[in-house]
Amino acid sequence: AKGLERYILYSFAIIVWAVNAATLSAVGGGFFGDILNDMEMSATKVALILLQILVQVFYAWWNWNCLMTPVKSPMTPFEEERPYDKQFAMAYTSVE
């Protein structure tokens, strides 16, 4: 994708990441926000907060990496047949 199309697709990816990242920490999101909201301050709560920060940082890095890493080879067009041995080359050592 190039030009405006690229910026629109990147914007969608960033919006999806932002919504997912917010719901990981928000009360009612079903993840850390629900767990941490009712907990008293303790070593467990501090550990969960640190885990939450680690997950958020990893998630942000992963999305940045996916957006900014160039594609090494183009996708095979849908019209072309995908040879079985090349399609699963990383999953299987040989096809019989």
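Every chain begins its residue count from 1, and numbering advances along the sequence as written. Local features in a predicted model are, by the rule used here, given only for residues with pLDDT of at least 70; side-chain atom pairs are given and counted only at 80 or more, and totals for whole chains, interfaces and linings are based on all residues. Water and hydrogen atoms were dropped before computing side-chain values, which therefore reflect all heavy atoms in the structure.

### As for the packing of helix α1 (residues 3–25) against helix α3 (residues 43–68)
Then comes step 1: Where α1 meets α3, the closest approach of the two axes is 11 Å, and the angle between their N-to-C directions is 170°. Compared by their axis directions, α1 and α3 come out roughly antiparallel. For the pair α1 and α3, contact is made by Y10, A13, I14, W17, N20, A21, L24 and S25 and by Q52, V55, Q56, Y59, A60, N63, L67 and M68, respectively. Simply put, an axis is a line fit to the C-alpha atoms, just over the touching stretch for a helix, and the angle between two N-to-C directions goes from 0 to 180 degrees. Only runs of H or I of at least four residues qualify as helices and only runs of E of at least two qualify as strands under DSSP, and these elements are numbered from the N terminus. With respect to orientation, any angle under 35 degrees is reported as roughly parallel, any angle over 145 as roughly antiparallel, any angle of 65 to 115 as roughly perpendicular, and every other angle as oblique. The contact criterion used throughout is that any non-hydrogen atoms of two residues lie within 4.5 Å.

### Focus on the side chain of Q52
Then comes step 1: Mapped onto the secondary structure, Q52 falls in helix α3.
Then comes step 2: The residues contacting Q52, other than those within four sequence positions of it, are S25, F32 and L36.

### Remarks on the side chain of K45
Then comes step 1: Inspection of the secondary structure assignment puts K45 in helix α3.
Then comes step 2: Partly exposed describes any residue whose relative accessible area lies between the buried limit of under 20% and the exposed limit of over 50%, with all areas from a 1.4 Å probe on protein chains only and scaled to the type maximum. Within this scheme the basic residues Lys and Arg register as positive and the acidic residues Asp and Glu register as negative, but His and the chain ends are omitted. By convention in these notes, a salt bridge is any Lys or Arg side-chain nitrogen within 4 Å of a carboxyl oxygen on Asp or Glu. Although K45 is buried, it forms no salt bridge, and the closest oppositely charged side chain is E40 at an N-O distance of 8.2 Å.
Then comes step 3: Once residues lying within four places of it in the same chain are set aside, the contact partners of K45 are L36, M39 and E40.

Any link to function would need more than the numbers given here.
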